[in-house]
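Observations on the three-dimensional arrangement
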Amino acid sequence: MDEPRTTTRVTTTARVTKTERRAKRAIAVGKKSPKIGSAAADWSRWPAGTTFRLLSTGQIYRVDDYGWALSGCNTIDLYMATRGDMNNWGVRQEPIEVLRWGNAQESLRFLAPHQSYPHIKRMVLELEGREQEAAAMR
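Since the model is a prediction, treat every value here as computed from it, not as a measurement. Counting restarts for each chain: residues are numbered from 1 in the order of the written sequence. Given that the model is predicted, a residue must reach a pLDDT of at least 70 before its local features are reported, and side-chain atom pairs must reach 80 or more before they are shown or counted; all residues, however, enter totals for whole chains, interfaces and linings. Hydrogens and waters are ignored; side-chain quantities use all the structure's heavy atoms.

1. Quick look at the nonpolar core
Working definition of a nonpolar core: buried Ala, Val, Leu, Ile, Met, Phe, Trp, Tyr and Cys residues. They are joined through side-chain atoms within 4.5 Å. With a 1.4 Å probe rolled over the protein chains alone, any residue whose accessible area is under 20% of its type maximum counts as buried; one over 50% counts as exposed, and the rest are partly exposed. Phe52, Ile76, Leu78 and Leu111 are the most contacted members of the largest nonpolar core, which totals 22 residues. If you list the elements that add at least two residues to this core, you get strand E3 (51-54), strand E4 (60-65), strand E5 (75-80), helix H1 (83-89), strand E6 (91-100), helix H2 (104-111) and helix H3 (118-127). Here a helix means four or more residues in a row that DSSP labels H or I, a strand means two or more in a row labelled E, and each is numbered from the N terminus. Here this core gets four residues from one element, more than from any other, and that element is H3. Contacts are assigned to residue pairs that have any heavy atoms within 4.5 Å of one another. Every residue in contact with Phe52, bar those within four places of it in the chain, is listed here: Ala39, Gln59, Ile60, Tyr61, Val63, Ile76, Leu78, Ile96, Glu97, Val98 and Leu99.

Shown next, in the form of structure tokens:
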């Protein structure tokens, strides 16, 4: 059973995708379903697979990555197609609507073997409900 949709405010930052360097050609296609963007976050707060909508733009993103700078933060990195898009976005406080929560247990299974990295250890501790130990890592 899916959890109900929730609205919250988070800090968003922009990162450029690795495909920026590749040549691209735009092709007009009618009635195409909306593209779901890629996002990175602390998986103990936003589990992998969490899908959300930016209320200011309507763009939908899915959390499919994490990063050391995001561990312990209520920040979500949004991946952008170009450096210009990234610079235009900058850092913002944005309201989001969570459309579907990711699976915390699957996030834990993926992260657990990689606990030699402190940022991953912190996410694992939080996913296991050991918040005080995780907080002590900062």
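Still more to cover.
2. Here we look at the confidence of the model for the protein chain
Residue-level confidence of the predictor is what pLDDT reports, using numbers from 0 through 100. In the predicted model, the protein chain carries a mean pLDDT of 81, and 75% of its residues have values of at least 70. Here residues 17-33 is modelled with pLDDT under 50, and outside its nearest four sequence neighbours on either side it reaches eight contacts, counting other chains as well.

3. Some points on the pattern of salt bridges
Whenever a carboxyl oxygen of Asp or Glu lies within 4 Å of a side-chain nitrogen of Lys or Arg, that contact is scored as a salt bridge. In the structure shown here, the tally under the stated rule is six salt bridges. For Arg45, the salt bridge goes to Glu126, with nearest N and O atoms at 3.8 Å. Taken together, the residues span a long stretch of sequence, with Arg45 in the loop between strand E2 (37-40) and E3 and Glu126 in helix H3 at a distance of 81 residues. For Glu126, a relative accessible area of 15% corresponds to the buried category. Where Arg130 meets Glu133, a salt bridge forms, and the shortest distance between an N and an O atom there is 2.9 Å. Note on Arg130: relative accessible area 33%, which makes it partly exposed.

4. Structural notes on the packing of H2 against H3
Helix packing geometry: the angle between the two helix axes and the distance between the axes. Look at H2 against H3: their axes get within 10 Å of each other, and the N-to-C directions meet at 145°. Judged by the sense of rotation from one axis to the other, the crossing of H2 with H3 is left-handed. Contacts between H2 and H3 involve Ala104, Ser107, Leu108 and Leu111 from the first element and Ile120, Met123, Val124 and Leu127 from the second. We call Asp, Glu, Lys and Arg charged. Ala, Val, Leu, Ile, Met, Phe, Trp, Tyr, Cys and Pro are nonpolar, and the rest, Gly among them, are polar. In the contact of H2 with H3, the residues fall into seven nonpolar, one polar and no charged. Here the axes come from fitting lines to C-alpha atoms, over the contacting stretch only for helices, and the angles between their N-to-C directions go from 0 to 180 degrees. Crossing handedness is read from the near helix: turned anticlockwise from the far helix by less than a right angle, it gives a left-handed crossing, and turned clockwise, a right-handed one.

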